[in-house]
Amino acid sequence: MKKSVIAALAVMVLLGGAAYASFFVAPTERTMGTVQRIFYLHMPSAITAFAAFLVCFVANLLYVLKREQSWDWLGVSAAEVGLAFVSVVLVTGPIWAKPVWGIWWTWDARLTSTFVLWLLYVAYLLLRSMIEDPERRALLSAVFGIFAFLDVPLVYMSIRWWRTQHPQPVIFGGPGSGLAPAMWRVDLLSWVALMSLMALLVRYRYELEALRGKVDALRLVVSEREPREAEAQ
């Protein structure tokens, strides 16, 4: 318990430090002004969502290969956390876009593929909720999760493959791209804070799913035992 509390406190400190740095340490961007500060939540949330979906993908792949319940538990845990972070991306994006572009939303390649990614993982969780048999649910959702992950590289590469309303890459982009040193440091701190939060949430969600799996196993044992006891009587 102590380790969990310490980990949670450490994540809270990181999040608080990242928020403070975003408002009071990072310089104000020349053209967009104060609204640009949402970048320090928007972009790290996207990278964190990709990381969570990568964990889900690997877990789904390993479940298909090994059929061990622990990989199914990890897969659904990472999917739920990744969905939360990509939801943050879809909310903060329009808030940033409205004062800069003059519109809340446009169906360009980056925005559309991100929305499709959100829909895919919503479908992943809905699929799990509709299948009662644990083994069948785990297998079908794992196969679907592997397919859903194919949209992650598409989202990432969309602004490199097509001309979009969304800005071209600031990080690892072409000539003239990049961030000022102070912006880099704040962005890195935000990314570390959100990745730490993601790891903590996945851990807690995994523990919950593992407990749910044990309860399902006990129910199965009880349901198999009851007919035998009835026959014996």
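Details of the structure are given in the entry above.
Throughout what follows, the structure given in this document is the object of discussion. Keep in mind that what you see is a predicted model, and the values were worked out from it rather than measured.

1. Digging into helix α6 (residues 151-161)
When we look at burial in α6, the residues that qualify are Asp-151, Val-152, Val-155, Ser-158 and Ile-159. Take α6 and look down its axis: the buried residues cluster within an arc of 135 degrees, on one side only. Packing partners of the buried residues in α6 comprise α2 (39-66), α4 (109-130) and α5 (134-148).

2. Details of the layout of surface pockets
Taken as a whole, the second largest pocket spans an internal volume of roughly 340 Å³. Lining the second largest pocket are 16 residues, and of these Gln-69, Pro-134, Glu-135, Arg-137 and Asp-216 sit closest to its centre. It is helix α7 (residues 181-232) that provides the largest number of residues to the lining of the second largest pocket, a total of 6 residues. Split into classes, the residues belonging to the lining of the second largest pocket amount to 6 nonpolar, 2 polar and 8 charged.

3. Side note on the pattern of salt bridges
Close approach of charged atoms lets side chains of opposite charge pair. Per the counting criterion, the structure on display carries 6 salt bridges. Taking the shortest distance from any N to any O, the salt bridge between Glu-209 and Arg-205 comes out at 2.7 Å. Taken as a pair, Glu-209 and Arg-205 lie in helix α7 at a separation of 4 residues, close to a single helical turn. With relative accessibility at 11%, the residue Arg-205 sits in the buried group. What you see here is one network of salt bridges that share partners, running through Asp-72, Glu-80, Arg-128, Arg-205, Glu-209 and Arg-212.

Calculation rules
- Residues numbered from 1 in each chain as written.
- Predicted model: local features only at pLDDT ≥ 70, side-chain atom pairs only at ≥ 80, totals over all residues.
- Heavy atoms only, no water.
- Buried < 20%, exposed > 50% of the residue type's maximum accessible area, 1.4 Å probe, protein only.
- Helix = DSSP H or I, 4+ residues; strand = E, 2+ residues; numbered from the N terminus.
- Arc of directions from axis to C-beta.
- Contact = heavy atoms within 4.5 Å.
- 1 Å grid on protein atoms, 1.4 Å probe; cavity = no way out; pocket = protein on both sides within 12 Å on 5 of 7 lines; lining within 4 Å.
- Points joined across faces, edges and corners; volume = space filled by probe spheres on them.
- Nonpolar A, V, L, I, M, F, W, Y, C, P; charged D, E, K, R; others polar.
- Salt bridge = Lys/Arg side-chain N within 4 Å of Asp/Glu carboxyl O.

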